[in-house]
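Summary of the model geometry
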Amino acid sequence: LQAWTAGVEGIEIHEPLGSEPALRDEGAANHMRLCDSSGNLSGLHLFVHEPTADIEQKGPPKFYSRQGRRASERVADMLQIPFGRTLFLEQTQLAIDAGVFHNDVIATSHRNLLLCHEDAFVDQQRCVIRIRNAFARCTGETLDVIEVSRNELPLEEAVRTYLFNSQIVTGSDHCMHLICPNQCGESVATRSLIDGWIANPNNPIRDVAYVPLSESMANGGGPACLRLRWTLPERVLDSHLSVWMWTAERGEQLRAWIDRHYVDPLQFGDFQRLEFAEHATAAAVAFPKL
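Here we summarise the structure given alongside this text. Because the structure is predicted, anything quoted here is derived from the model rather than measured.

With that settled, the discussion passes to a nonpolar patch on the surface. A cluster of nonpolar side chains, L266, F268 and F271, forms an exposed patch at the surface whose accessible area comes to about 380 Å². Relative to the assigned elements, L266 resides in the loop between α10 (248–261) and α11 (274–285). With a relative accessible area of 43%, L266 lands in the partly exposed category.

The following block contains the structure:
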């Protein structure tokens, strides 16, 4: 990234926070940005970290959190986000123990919309009020909140289908569109929930696309693996980063490279073979010059 974006106005790539356990950070997976309905870059940043006093927790945790508050505070400081535009929220141990290692498996946001499960944050009712008030103060607008209850969607089903790991995008029609894994469409509870949103004229989400992501899902990924995204002015895209925009021609170049060089299956023992090292080197040299 540093090489690709060197000299691009408005983009700076920071070094990792460090190896200290308290500074463990998994980035965009635990960071949401809310802004006004026009997509203005300034707005409110929500950093989600480990619980410090989760009253719902009884007994030792099943899993340990992977995001500390110190790391979130350090990220906010490095990004020079003004104090009044940040909120630090505690994730519930209940969610972590259900397999919610990252906030983006139980909550997400897009522009002036916050979509979250009832079990996302410690003291959630108070949390949502704080977020609404801070959002209004930062943007002058009212925040749309879709809060999914346990009765509508059990926590375990939310994790299994990755509903909150979906992408929300604004199309050329200026409406919000939901991009979900197929697992959401195959789940009766999840699909019913989404259909209800789309049928409601007051809901900002207007339609949904279900995408086959079985291989990604099997490895703990989903649509939100693309959530590390930047909102950039057109002039920056045109002058600096247009070479990285997807085109049909570049797609064919990449497919041809994969067909020729991708090793399947790949065994651990391959890494001990000189022939594999030579193959990998040749593949790197032959990678399309996009």
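Anyway, onward from the coordinates.
Let us look at the packing of α10 against α11. Remark: α10 packs on α11, axes separated minimally by 11 Å, with the N-to-C direction vectors making an angle of 170°. One element, α10, and the other, α11, form an angle in the roughly antiparallel class. Across from W257, R260 and H261 in α10, the residues of α11 making contact are H279, A282 and A283.

Turning our attention to the sheet that holds strand β6 (residues 144–148). One open sheet holds the 3 strands; their spatial order is β4-β5-β6, and the pairing between them is mixed. Looking at which strands have only one partner, the edges of the open sheet turn out to be β4 (107–110) and β6. When the angles between neighbouring strand axes are averaged without regard to direction, this sheet yields 10°. Across 5 bridges, strand β5 (residues 113–117) lies against β6 in parallel orientation. Residue pairing in the sheet places H117 in a bridge with V148 of β6. Docked against the sheet, helix α4 (residues 124–139) engages β5 and β6, running at close to 165° with respect to β6.

Most of β5 is tucked away: 5 of the 5 residues are buried. Across the two faces of β5 the burial is the same, with L113, L115 and H117 and L114 and C116 all buried. Pairing of β4 with β5 involves 4 bridges; the strand directions are antiparallel. Counted as the bridge partner of H110 is L113 from β5. In sequence, β4 turns back onto β5 through a hairpin of 2 residues, with R111 there showing a positive phi of about 50°. Taken together, β5, α4 and β6 constitute a β-α-β crossover, and its handedness is right-handed.

Moving on, we get to the environment of R111. Tracing the backbone through its elements, the reader meets R111 in the loop between β4 and β5. Setting aside residues up to four positions removed in sequence, R111 forms contacts with R33, L34, C35, D36, S37, S38, G39, F135, T170 and M176. Separated by 3.3 Å, the side chain of R111 and the backbone oxygen of S37 make a polar contact.

Basis of the calculations
Residues numbered from 1 in each chain as written. Predicted model: local features only at pLDDT ≥ 70, side-chain atom pairs only at ≥ 80, totals over all residues. Heavy atoms only, no water. Patch = residues over 30% accessible without salt bridge, like charges linked within 9 Å, V, L, I, M, F, W, Y side chains within 5 Å. Areas by Shrake-Rupley, 256 points an atom, 1.4 Å probe, with all protein chains shown as cover. Salt bridge = Lys/Arg side-chain N within 4 Å of Asp/Glu carboxyl O. Helix = DSSP H or I, 4+ residues; strand = E, 2+ residues; numbered from the N terminus. Buried < 20%, exposed > 50% of the residue type's maximum accessible area, 1.4 Å probe, protein only. Axes fitted to C-alpha atoms, helices over the stretch in contact; angles between N-to-C directions. Parallel < 35°, antiparallel > 145°, perpendicular 65-115°, else oblique. Contact = heavy atoms within 4.5 Å. Pairing = 2+ DSSP bridges. Right-handed = clockwise from strand over helix to strand, strands pointing away. Polar contact = N/O pair within 3.5 Å; in protein donor to acceptor, adjacent residues only side chain to side chain.

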